[in-house]
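Close look at the chain arrangement
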Amino acid sequence: MPRTVSAADLFDFPSAATEAHGVPAADACLLADTLVTAELWGHASHGMLRLPWYLDRLRSGATAAAAAPVVVGDNGAVMVLDGRDGLGQVLTSMAVEEGVERARRHGISAVAIRNSDHFGTAAYFTRRAVEQGCVAILATNASPAMAPWGGKEKRVGTNPWSIAAPGGRYGTVVMDIANTAVARGKIYHAQEQSEPIPEGWAADADRVATTDPGRAIEGLILPIAGHKGYAISFMFDVLAGVLTGSAFGSDVVGPYQPTGRSGVGHLLICIGIRAMADPAEFEQRMEALVEETKSTPAAAGTREIFVLGEPEIRTAERLRTEAITVADDTWTSLTHIAESTGVPLPDALSASSTL
């Protein structure tokens, strides 16, 4: 049966287990925070499900335990880092620090990372840039998941991206999407729970529509908005892969493969709000946009209009009280990690304590 664990208790396990694989303590804490934050946002597809994948890659040496990036280009506003196969979360956190500081100096900055690894949820990092006075755009590429429009073989990644901006009293307004009908992790999550996936998400290896997550993983994830999703994803591979000097197309290796250099590339663009507008006035204008959007009359069956990022914050507030439910298969994977590392599993709450 699924286990329910408090967010605080859940955090300690991936942090200690990652550190047991040679990752410095601060970096292990960062990785753990990205996983637990994804769980709190209601995105289990990017939460604890991924911990075994990351640890397998650390164990094989495909991912370097201690990130040691080198600067390969720097003209002030633009910086290029070679991540040298470090943890994607650690490298992207470095990019945010550099990007924000350079945006303060130059008004806008671009930090490119080549030879990185999967970084989890893009919104985790764009939110951090927003907290420091920027509008942020983050793009990454991924291993092949969809076919080019009209094709029947995987050649193009989901290539997710995020844009975030401060929304005044409404907090951070943030978009984080893949260019496929769904992030690949959600199909793995459905497979773990032995649940069918909705129609329109994927096709099998023969390009026949399927609701079987196993057949979908072996087959194709469908693009958003038909040919438009394919086009957007292709161009983000240009930005995150080709332009950064990293791998692209079918040369990118996904996090669920325990071996092989990932070659993932990231591109972070930070715009210093102060360089374009008075920050207080900007937030007032954002509040007006949010209020106009939320005041839209709701269609039948809709209780409330949400703006981007709002559902995740609502979910996090609830789950901090109710705790996080970990699926059976994920818990089994955590059990194996506990046995191999000696790190104790988090305590599961009793049913009565979650009521």
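Structure report, in brief. Keep in mind that what you see is a predicted model, and the values were worked out from it rather than measured.

**A short note on the overall build of the chain**
- Helix and strand counts for the chain come out as twelve helices and 14 strands.
- Over its C-alpha trace the chain gives a radius of gyration of 20 Å, about what one expects of a compact globule, namely 20 Å for 355 residues.
- If you line up the chain on its principal axes, its C-alpha atoms span 50 × 50 × 45 Å.
- Across the 355 residues in the chain, those meeting the buried criterion constitute 52%.
- Look at the contacts in the chain between residues 6 or more apart in sequence, and 67% of them connect residues 24 or more apart.
- Within the structure as shown, the chain displays about 16,000 Å² of accessible surface, and the carbon and sulfur contribution to it stands at 55%.

**As for the sheet that holds strand 12 (residues 220-221)**
- With antiparallel pairing, three strands are arranged side by side in an open sheet as 11-10-12. Strands with a single pairing partner mark the edges of an open sheet, and in this sheet they are strand 11 (209-210) and strand 12.
- When strand 10 (residues 202-203) meets strand 11, the two strands line up antiparallel, connected through two bridges. Looking at strand 11, one finds that Ala202 is bridged to Thr210.

**Section: the nonpolar core**
- In this structure, Phe13, Leu51 and Leu334 are the most contacted members of the largest nonpolar core, which totals 52 residues.
- By size, the runner-up hydrophobic cluster in this structure holds twelve residues, among which are Ala145, Ile187, Tyr188 and Ala190.

**Comments concerning the sheet that holds strand 9 (residues 172-177)**
- Sheet architecture is open: seven strands sit in the order 2-3-4-13-5-8-9, paired in mixed fashion. Strands at the two margins of the open sheet, each flanked by one partner only, are strand 2 (70-74) and strand 9. Pairs of neighbouring strands in the sheet enclose a mean axial angle of 15°, with direction left out of account.
- Two elements, strand 2 and strand 3 (residues 78-82), share four bridges in a ladder whose sense is antiparallel. In the strand pairing of strand 3, Val71 is matched with Leu81.
- In this fold helix 5 (residues 122-130) packs onto strand 5 (134-140), strand 8 (161-166), strand 9 and strand 13 (264-272), with an angle of close to 30° to the strand it touches most, strand 8.
- Each of strand 5, strand 8 and strand 9 touches helix 10 (residues 279-294); the most contacted strand, strand 8, lies at about 115° to it.

So, how was this worked out
Residues numbered from 1 in each chain as written. Predicted model: local features only at pLDDT ≥ 70, side-chain atom pairs only at ≥ 80, totals over all residues. Heavy atoms only, no water. Helix = DSSP H or I, 4+ residues; strand = E, 2+ residues; numbered from the N terminus. Rg over C-alpha atoms; globule rule 2.2 N^0.38 Å. Buried < 20%, exposed > 50% of the residue type's maximum accessible area, 1.4 Å probe, protein only. Contact = heavy atoms within 4.5 Å. Areas by Shrake-Rupley, 256 points an atom, 1.4 Å probe, with all protein chains shown as cover. Pairing = 2+ DSSP bridges. Core = buried A, V, L, I, M, F, W, Y, C linked by side-chain atoms within 4.5 Å. Axes fitted to C-alpha atoms, helices over the stretch in contact; angles between N-to-C directions.

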